[in-house]
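# Observations on chain architecture
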Amino acid sequence: MADFDPEKFEDKYANYFNELQKAYKNAFNRLNERYDSELIHAIDQQILNESEPFYEGDGEFRVELPENPVERVQGIVVKDEKVEEMLEIYVEEIETELRRVFGFESESES
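Let me sum up the structure you'll find in this document. For every chain, the first residue of the written sequence is number 1, and numbering continues from 1 along that sequence. Only residues with pLDDT of at least 70 get local features here, since the model is predicted, and only at 80 or more are side-chain atom pairs given and counted; chain-wide, interface and lining totals rely on the full set of residues. Water and hydrogen atoms play no part in the side-chain values, which are based on all heavy atoms of the structure.

### Some thoughts on the overall build of the protein
The condition that has to hold: Secondary structure counts use DSSP, requiring at least four H or I residues in a row for a helix and at least two E residues in a row for a strand, with both numbered from the N terminus. The size measure is the radius of gyration over C-alpha atoms, and the globule rule it meets is 2.2 Å times the number of residues to the 0.38 power. Should any heavy atoms of two residues lie within 4.5 Å, those residues are counted as being in contact. Accessible areas in this description were obtained via Shrake-Rupley with a 1.4 Å probe; residue shielding takes into account the shown protein chains only. In this count, Lys and Arg are taken as positive residues and Asp and Glu as negative ones, while His and the chain termini are left out. By convention, the charge on Lys lies at NZ, on Arg at CZ, on Asp at CG and on Glu at CD.
When helices and strands are tallied, the protein shows 6 helices and 2 strands. Each helix (α) and strand (β) of the protein, taken in turn from the N terminus, gives the series α-α-α-α-β-β-α-α. Scaling as 2.2 N^0.38, a compact globule of 110 residues should have a C-alpha radius of gyration of about 13 Å, and the protein matches this with 14 Å. When the backbone C-alpha atoms are referred to their principal axes, the protein occupies close to 45 × 30 × 20 Å. Once local pairs closer than 6 in sequence are excluded, the contacts in the protein between residues at least 24 apart make up 65%. Total accessible area computed for the protein in this model is approximately 6,800 Å², and 40% of it derives from carbon and sulfur atoms. Across the protein, the centroid of the 12 positively charged side chains sits 4 Å from that of the 30 negatively charged ones.

### Quick word on the packing of helix α3 (residues 17-34) against helix α4 (residues 37-46)
The line we're drawing: Axis angles are defined between N-to-C directions and span 0 to 180 degrees, where every axis is a line fitted to C-alpha atoms and, for a helix, only to the segment in contact. Should an angle fall under 35 degrees it is called roughly parallel, over 145 degrees roughly antiparallel, and 65 to 115 degrees roughly perpendicular, with every other angle called oblique. The nonpolar class holds Ala, Val, Leu, Ile, Met, Phe, Trp, Tyr, Cys and Pro. Asp, Glu, Lys and Arg form the charged class, and all remaining residues, Gly among them, are polar.
For the pair α3 and α4, the least separation of the axes is 8 Å and the interaxial angle reads 155°. Considering the angle they form, α3 stands roughly antiparallel to α4. For the pair α3 and α4, contact is made by F28, L31 and N32 and by S37, I40, H41 and D44, respectively. Tallied by class, the residues present in the contact of α3 with α4 amount to 3 nonpolar, 3 polar and 1 charged.

### Things to note about the packing of α4 against helix α6 (residues 80-101)
Each pair of packed helices can be summarised by the angle the axes make with each other and by the distance between the axes. Contact geometry of α4 with α6 gives a least axis separation of 11 Å together with a crossing angle of 70°. Compared by their axis directions, α4 and α6 come out roughly perpendicular. For the pair α4 and α6, the contacting residues are L39, I40, I43 and D44 in the first and K82, V83, M86, L87 and Y90 in the second. For the contact of α4 with α6, the residue count by class is 7 nonpolar, no polar and 2 charged.

### Description of the nonpolar core
Our working rule: Here, nonpolar core refers to any group of buried Ala, Val, Leu, Ile, Met, Phe, Trp, Tyr and Cys residues whose side-chain atoms link them within 4.5 Å. Only protein chains enter the accessibility calculation, which uses a 1.4 Å probe; a residue is then buried when its area is under 20% of its type maximum, exposed when over 50%, and partly exposed in between.
Among the nonpolar cores identified, the biggest contains 30 residues, and F9, I43, L48, Y90, I94, L98 and F102 are the most heavily contacted of them. Sorting the residues of this core by element identifies α3, α4, β2 (60-64) and α6 as the ones contributing at least two each. Those residues within four positions of I43 in sequence are excluded, and the remaining contacts are L48, V83, M86, L87 and Y90.

### Thoughts on a negative patch on the surface
What counts is decided by this rule: Patches here: salt-bridge-free residues with over 30% relative accessible area, like charges joined within 9 Å, nonpolar side chains (Val, Leu, Ile, Met, Phe, Trp, Tyr) joined within 5 Å. By definition here, a salt bridge exists when the distance from a side-chain nitrogen of Lys or Arg to a carboxyl oxygen of Asp or Glu is within 4 Å.
The grouping of E71, D80, E81 and E84 at the surface amounts to a negative patch. Among the elements that line the negative patch, the one with the most residues is α6, at 3 residues. Summarising the element assignment, E81 is placed in helix α6. With a relative accessible area of 54%, E81 lands in the exposed category.

### Considering α3
Threshold: To estimate how far a helix should reach, multiply one less than its number of residues by 1.5 Å.
With 18 residues, α3 extends 26 Å between its outermost C-alpha atoms, agreeing within 8% with the 26 Å of an ideal straight helix rising 1.5 Å per residue. Buried residues of α3: E19, L20, A23, Y24, A27, F28 and L31, and no others. Considering only its buried residues, α3 is in contact with α1 (6-9), α2 (12-15), α4, β1 (52-57), β2 and α6.

Right under this line is the structure:
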């Protein structure tokens, strides 16, 4: 776990790249085991690759998605509602992992 500094998070890719990578990877691995791996891969590669994590304060993180995220999913046949539902679960998992990686939440709290 890194010593978290909200000011350093402003330049997150320079200061916390490894932690961000770990949080995203943990979320991916957890969801890939539980849900349709083809859909998880598509969301990961076609939506979340352009997402942006932000620190909101008080140990809370927010993941901002690119415009029209559902429309970005190509190459698989799945209803938009399913993509939206899975994307919401995925983003919540990333936000949980960010809290965990930066020491705001323990493994048992999730």
